[in-house]
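# Descriptive structure summary
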Amino acid sequence: MQIISSYGVELRKQNIPIRQTLELYRSAVSYLIGIYVQVWEELAEIPDAKRRFNAAEHLVHTTKKNHACFDFDIRFPKMPSYLRRSAIRHALGTVSSYKTRLDLWEKTDGKSGKPRLVYENHAMPVFYRDVMYREGAEGKDEAYLKLYDGHDWKWSCVRLEHTDMEYLRKYWSGKKASAPTLEKRHQKYFLRFSYTEEVTLTKTPVKEQIICSVDLGINTDVPSCGQTELSWEENLSIIPVKKTGCTVHWDGSADSRGNMALRRHREDGHI
């Protein structure tokens, strides 16, 4: 079984063109949405997702063997290929979702509000390794991002929050992280790294397993979690049994990095 964990690392305030890069990326996504909604009938006829993506890219990007039908390359010159492809995927997903919702709306005789295609978006770019993101020197709280400065795409050194980097070095050293995604929370920017772990599930027979469940909720704190047994009769039923005394508390909000701290308490109140 795979478990995916993520952690947001804060970018310290400095004179780097993060905002310009984000604005350009979102403008590219909006422009591509407008293109793909026009030609969706042709794209929808291609069942294979990879071939559909290639066809969508050929419409907007000129190469030696392909002449684009739209002026994307002129509007967004020198955009790194990985970032362009990320924008294309986001735009295709947006149009596909809109068309699906529109079809469902038409089948229900328009009883609810008609779906609307939204060109404004909150897309966040992924900084792919080597071509958009490079790690700093070992032990240094820095990284290098390829950013748009208003004229060209250039490598910029980004200072990272020391406490965040110490956490990653302590708990995730030696683990391979996915390409970081840019985030913006509370007027601050972060790079969110994701880590994948392989976990071996218990071999205890299913009928003998005990489950500990936690309801995280959205607007409320986490309630105490009790021990639960499964009763396998004609129908599956869940029977609450004696409490274990384990309570998981959440303060009701994430920190500025979006990382939630869960604390386990014993019956005596000690962590």
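Residues numbered from 1 in each chain as written. Predicted model: local features only at pLDDT ≥ 70, side-chain atom pairs only at ≥ 80, totals over all residues. Heavy atoms only, no water.

## A look at helix H5 (residues 81-107)
This is how it is decided: Per the convention used, a helix needs a DSSP run of H or I reaching at least four residues, while a strand needs a run of E reaching at least two, with both numbered from the N terminus. Helix span is expected to be 1.5 Å times the residue number reduced by one. Exposure categories follow from relative accessible area, calculated using a 1.4 Å probe and restricted to protein chains: below 20% of the type maximum is buried, above 50% is exposed, and the middle band is partly exposed.
Taking 1.5 Å per residue as the helical rise, H5 with its 27 residues ought to reach 39 Å, and the 39 Å between its terminal C-alpha atoms agrees with that figure. Those residues of H5 not exposed but buried are Leu83, Arg84, Ser86, Ala87, Ile88, Ala91, Leu92, Val95, Tyr98, Leu102 and Trp105. Asp109 occupies a position one or two residues after H5 and carries a positive phi of about 60°.

## What about the environment of Gln38?
Mapped onto the elements, Gln38 comes out in helix H1 (residues 18-38). Take Gln38: its relative accessible area is 58%, and that puts it in the exposed class. Sequence separation of Gln38 and Val95 is 57 residues, and the distance between their C-alpha atoms is 9.8 Å.

## Section: the pattern of salt bridges
What counts here: Salt bridge criterion: a side-chain nitrogen from Lys or Arg within 4 Å of a carboxyl oxygen from Asp or Glu.
Across all of its chains, the model carries 11 salt bridges by this definition. Between Glu57 and Arg85 there is a salt bridge whose closest N-O contact spans 3.1 Å. One end of the pair, Glu57, is in helix H3 (residues 49-60); the other, Arg85, is in helix H5, with 28 residues separating them in the sequence. Given a relative accessible area of 9%, Glu57 falls into the buried group. Assessed through its relative accessible area of 30%, Arg85 is described here as partly exposed. Among the salt bridges present, the one from Arg192 reaches Glu183, with a minimum N-O distance of 2.6 Å. Accessibility expressed as a relative area gives 19% for Glu183, which makes it buried.

## Points about a nonpolar patch on the surface
Heads up, the condition is: Residues with no salt bridge and a relative accessible area higher than 30% make up the patches, which join like charges within 9 Å and nonpolar side chains (Val, Leu, Ile, Met, Phe, Trp, Tyr) within 5 Å. In short, Shrake-Rupley with a 1.4 Å probe defines the accessible areas, and a residue's cover is counted only from the protein chains shown.
A cluster of nonpolar residues, Met1, Ile3, Val199 and Leu201, forms a patch on the protein surface that exposes about 350 Å² of accessible area. By the secondary structure assignment, Val199 is in the loop between strand S6 (188-198) and strand S7 (210-212). Assessed through its relative accessible area of 32%, Val199 is described here as partly exposed.

## Side note on the sheet that holds strand S1 (residues 2-10)
So the rule is basically this: Strands pair, by our definition, only if DSSP identifies at least two bridges between them. Only the stretch in contact is used when a helix axis is fitted, and all axes are lines through C-alpha atoms; the angle between N-to-C directions ranges over 0 to 180 degrees. Residues count as neighbours in contact if any of their non-hydrogen atoms are within 4.5 Å of one another.
If you trace the three strands from one edge of the open sheet to the other, you get S1-S6-S5, paired in antiparallel fashion. If you trace the sheet from one side to the other, it starts and ends with S1 and strand S5 (181-185), each paired once. Ignoring which end each strand starts from, the neighbouring axes of this sheet average 35° apart. When S5 meets S6, the two strands line up antiparallel, connected through five bridges. Within S6, the residue paired with Leu182 across the bridge is Leu191. Across the sheet, helix H6 (residues 162-171) is in contact with S1 and S6; its angle to S1 comes to roughly 155°.

## Description of the sheet that holds strand S2 (residues 133-135)
The sheet built from three strands is open, its strands ordered S2-S3-S4 with antiparallel pairing. The sheet is open, and its two edges are formed by S2 and strand S4 (153-159), each paired on a single side. Averaged over all adjacent pairs, the angle separating strand axes in this sheet is 25°, with direction ignored. Those strands touched by H1 are strand S3 (142-148) and S4, and its axis lies near 50° from that of S3.

## What to know about the packing of aromatic side chains
This is how it is decided: What counts as a ring pair is set by centres within 6.5 Å for rings of Phe, Tyr and Trp (its six-membered ring), and what kind of pair is set by the plane angle: stacked under 30 degrees, edge-to-face over 60, tilted for all other angles.
As enumerated under the stated definition, the model contains nine aromatic pairs in all. With centroids separated by 4.4 Å and ring planes inclined at 15°, the aromatic side chains of Tyr7 and Tyr167 adopt a geometry described as stacked. In this pair, Tyr7 sits in strand S1 while Tyr167 sits in helix H6, placing the two residues 160 residues apart along the sequence. The buried category is assigned to Tyr7, whose relative accessible area is 12%. You can call Tyr167 partly exposed: its relative accessible area is 32%. When the ring of Tyr133 is compared with that of Phe193, the centres are 5.9 Å apart and the planes differ by 65°; the resulting orientation is edge-to-face. One end of the pair, Tyr133, is in strand S2; the other, Phe193, is in strand S6, and 60 residues separate them in sequence.

## Observations concerning the confidence of the model for the protein chain
Heads up, the rule is: Known as pLDDT, the predictor's confidence for each residue is given on a scale from 0 to 100.
Averaged over all residues, the pLDDT of the protein chain is 82; the fraction at 70 or higher stands at 78%. Within the model, the stretch residues 224-253 combines pLDDT values under 50 with 66 contacts to residues more than four positions away or in other chains. Long-range and interchain partners of residues 260-271, a stretch whose pLDDT sits below 50, account for 24 contacts in this model, where long-range means more than four residues apart.

## Examining the environment of Thr200
One can find Thr200 in the loop between S6 and S7. Judged by relative accessible area, which is 72%, Thr200 ranks as exposed. Distance in space between the C-alpha atoms of Thr200 and Met1 is 6.2 Å, their sequence separation being 199 residues.

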